[in-house]
Amino acid sequence: PSSTAYGEYSLIINLYREQKVKGQLKTTIKVLENPNIKEERTIKSSLFSKVIKITKTNIGNVEYPVAVAYYVTNFQKLFTYSDTKKTAVKTIDGYSLKFDLSLRASESKTITITTDYKPLIIVIILIIILICLIFYYLRPAIRITKKSFKHKKEKDGLVEIKTMLH
């Protein structure tokens, strides 16, 4: 199998005929190093967040260092975090998040990278509510002044009054 540890192994081959040993071969075989890394990425997106799971599996027979890179923009970097230690390297378009792993034979490791904009949306909503409250309490009060005066009196007792609003 591909997960057989590398190294030298003794091999003894016996040749039988009618249940009697007719010959024997003794030799040494060498299993070479087989660094075979498999990667699987799954992406789960919702309205204000995105979760990327990167699974690296060593299906080889030797421990192997693996580097994983994930690119984000300057804005995305503010809202991106992971469950594994990372280093951020500045690129032309943004940042490259680098993860250094060491996988033993038949070992698997998963890196979870989350970009979550919910805190930004909550802050924007709170700022809008605060601005509305400030506007409501600091707006000038509406002042209306009214002036009434008599314009003319009719013979039948009716009075015409004019009113002026300022």
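Above: the structure in question.
Heads up: these notes are all about the structure in this document. (Residues numbered from 1 in each chain as written. Predicted model: local features only at pLDDT ≥ 70, side-chain atom pairs only at ≥ 80, totals over all residues. Heavy atoms only, no water.)

Here we look at the sheet that holds strand S8 (residues 94-103)
Spatially, S5-S8-S7 is the arrangement adopted by the three strands of the open sheet, whose pairing is antiparallel. If you trace the sheet from one side to the other, it starts and ends with strand S5 (64-73) and strand S7 (87-90), each paired once. For this sheet, the mean angle separating the axes of adjacent strands, direction not counted, is 30°. Judged from the ten bridges that link them, S5 and S8 form a sheet pairing that is antiparallel. The partner of Ala67 across the bridge, within S8, is Asp100. (Pairing = 2+ DSSP bridges. Helix = DSSP H or I, 4+ residues; strand = E, 2+ residues; numbered from the N terminus. Axes fitted to C-alpha atoms, helices over the stretch in contact; angles between N-to-C directions.)

A look at the packing of aromatic side chains
Ring pairs (aromatic) are described by centroid distance and by the angle formed between their planes. Under the definition given, this model contains four aromatic pairs. These aromatic residues form a ring-pair network of at least three members: Phe75, Phe79 and Tyr117. In this structure, Lys77 packs its charged tip against the face of Tyr95, placed 4.9 Å from the ring centre. Lying across the ring of Tyr95, Lys90 places its NZ or CZ 5.0 Å from the centre. (Phe/Tyr/Trp six-rings, centres within 6.5 Å; stacked < 30°, edge-to-face > 60°. Lys NZ or Arg CZ within 6 Å of the ring centre and 35° of its normal.)

Observations regarding the side chain of Thr57
By the secondary structure assignment, Thr57 is in strand S4 (residues 49-58). The class for Thr57 is buried, based on a relative accessible area of 19%. Within the structure, Thr57 has its side chain in polar contact with the side chain of Ser108 (distance 3.1 Å). The contact partners of Thr57, leaving out residues within four places of it in the chain, are Asn36, Ile37, Lys38, Leu103, Glu107 and Ser108. (Buried < 20%, exposed > 50% of the residue type's maximum accessible area, 1.4 Å probe, protein only. Polar contact = N/O pair within 3.5 Å; in protein donor to acceptor, adjacent residues only side chain to side chain. Contact = heavy atoms within 4.5 Å.)

Structural notes on the environment of Glu39
Along the chain, Glu39 falls in strand S3 (residues 37-45). Linking Glu39 and Ser148, residues 109 residues apart in sequence, is a C-alpha distance of 86 Å. Dropping the residues within four chain positions of it, Glu39 is found in contact with Ile54, Thr55 and Lys56. Among the polar contacts listed, one links the side chain of Glu39 to the side chain of Arg41, at a separation of 2.6 Å. A distance of 2.5 Å separates the side chain of Glu39 from the side chain of Lys56, its partner in a polar contact.

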